[in-house]
Amino acid sequence: MPESQTHSTELTSQYVAQVTGDLERNTKEQERIGVEIEALQEQLRALQHDHTVLVNMQQALGSASPAADAAPAAAPSVPHQTSAEPKQSKPQKVAATSAKKTASKKPAAKASSVKASTAAAKPTLVELIRGHLEQENEPRSAAEIAVALTQAHPDRSVKTTVVRTTLEGLVAKSHAHRAKQGSSVFYTTAAASEPAAAEPPQEAVAG
């Protein structure tokens, strides 16, 4: 009896350890996927905001330009209708439609240039984080960077988990450095080491 009890106790402890390990892995996987979802949601919100702005600008340009361009195109077709036969009305319609097509191309070109300018005007989260790290001389945690960016850009929703994911991506691309102090992780920009590497040649030239 004692041997069977100890055997069952060992099996139970093994099952408990296995279940505990599986539970930890499951929890970590949920956290990882949750962070990725939040990062994608942040990108989706930014794209939706840009889309709304571009649609409004396209509508504003589209309602103004075609009317101004179509008016002179319709004027020369009036004298021809009085002296021409009804059969010649078809080419005139084709000319009018071609004029409308050329007029519609102009606002489309304007909209594309506006889209490029608005996309360039609004920095991405990666650019904001890199710019913040370059301005700071001391290492910063993901939470500190998220608070600073939220204060600097109150119109954007900056979450710590998204900032941490973006920072890890910068570290993977060697655009940032990561240092762990106790249980906290701090980040610095990779550009901080460039001035130090440039100092010896300057001293040699000065000497």
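Residues numbered from 1 in each chain as written. Predicted model: local features only at pLDDT ≥ 70, side-chain atom pairs only at ≥ 80, totals over all residues. Heavy atoms only, no water.

Caption draft 1: Helix α4 (residues 125–135), seen in detail. Along α4, the residues that are buried comprise L125, L128, I129, H132 and L133. Here the buried residues of α4 occupy an arc of 130° about the axis, which is enough to place them on one side. (Buried < 20%, exposed > 50% of the residue type's maximum accessible area, 1.4 Å probe, protein only. Helix = DSSP H or I, 4+ residues; strand = E, 2+ residues; numbered from the N terminus. Arc of directions from axis to C-beta.)

Caption draft 2: Spotlight on the pairing of strand β1 (residues 176–181). Direction of pairing for β1 relative to strand β2 (residues 184–189): antiparallel, over a ladder of six bridges. The partner of R178 across the bridge, within β2, is Y187. The antiparallel hairpin formed by β1 and β2 contains two residues in its connecting segment, where G182 sits at a positive phi of about 70°. (Pairing = 2+ DSSP bridges.)

Caption draft 3: Summary view of helix α6 (residues 160–172). Here α6 spans 18 Å end to end across 13 residues, near enough to the 18 Å set by a 1.5 Å rise per residue. S174 sits one or two positions beyond α6 and adopts a positive phi of about 65°. (Expected span 1.5 Å × (residues − 1).)

Caption draft 4: Looking closely at the pattern of salt bridges. Following the criterion strictly, the structure yields eight salt bridges and no others. Across the pair R32 and E29 runs a salt bridge whose closest N-O atoms are separated by 2.4 Å. With R32 and E29 both in helix α1 (residues 2–74) and three residues apart, this pair spans about one turn of that helix. On the accessibility criterion, E29 (38% relative accessible area) is partly exposed. A salt bridge links E36 to R32, with the nearest nitrogen and oxygen atoms 2.8 Å apart. Residue E36 and its partner R32 are both found in helix α1; the two are separated by four residues, about one turn of the helix. The class for E36 is partly exposed, based on a relative accessible area of 38%. One continuous salt-bridge network, built from bridges that share partners, spans E29, R32 and E36. (Salt bridge = Lys/Arg side-chain N within 4 Å of Asp/Glu carboxyl O.)

Caption draft 5: The nonpolar core, seen in detail. Core analysis: the largest hydrophobic core is formed by 16 residues, its most contacted members being I129, I145, L149, V163 and L167. When contributions to this core are tallied by element, the ones reaching two or more residues are α4, α5 (142–152) and α6. Those residues in contact with L167, other than ones at most four positions away along the chain, are I129, L133, A142, I145 and Y187. (Core = buried A, V, L, I, M, F, W, Y, C linked by side-chain atoms within 4.5 Å. Contact = heavy atoms within 4.5 Å.)

Caption draft 6: Seen up close, the side chain of H132. Here H132 is to be found in helix α4. Classification of H132 as buried rests on a relative accessible area of 11%. Beyond its immediate chain neighbours, meaning those up to four positions away, H132 contacts R140, I145, A148 and L149.

Caption draft 7: Spotlight on the side chain of T189. Along the chain, T189 falls in strand β2. A residue is classified by how much of its surface remains accessible, and T189, at 9% relative accessible area, is buried. Each residue touching T189, except ones within four places of it in the same chain, is listed here: L133, E134, H175, A176 and H177.

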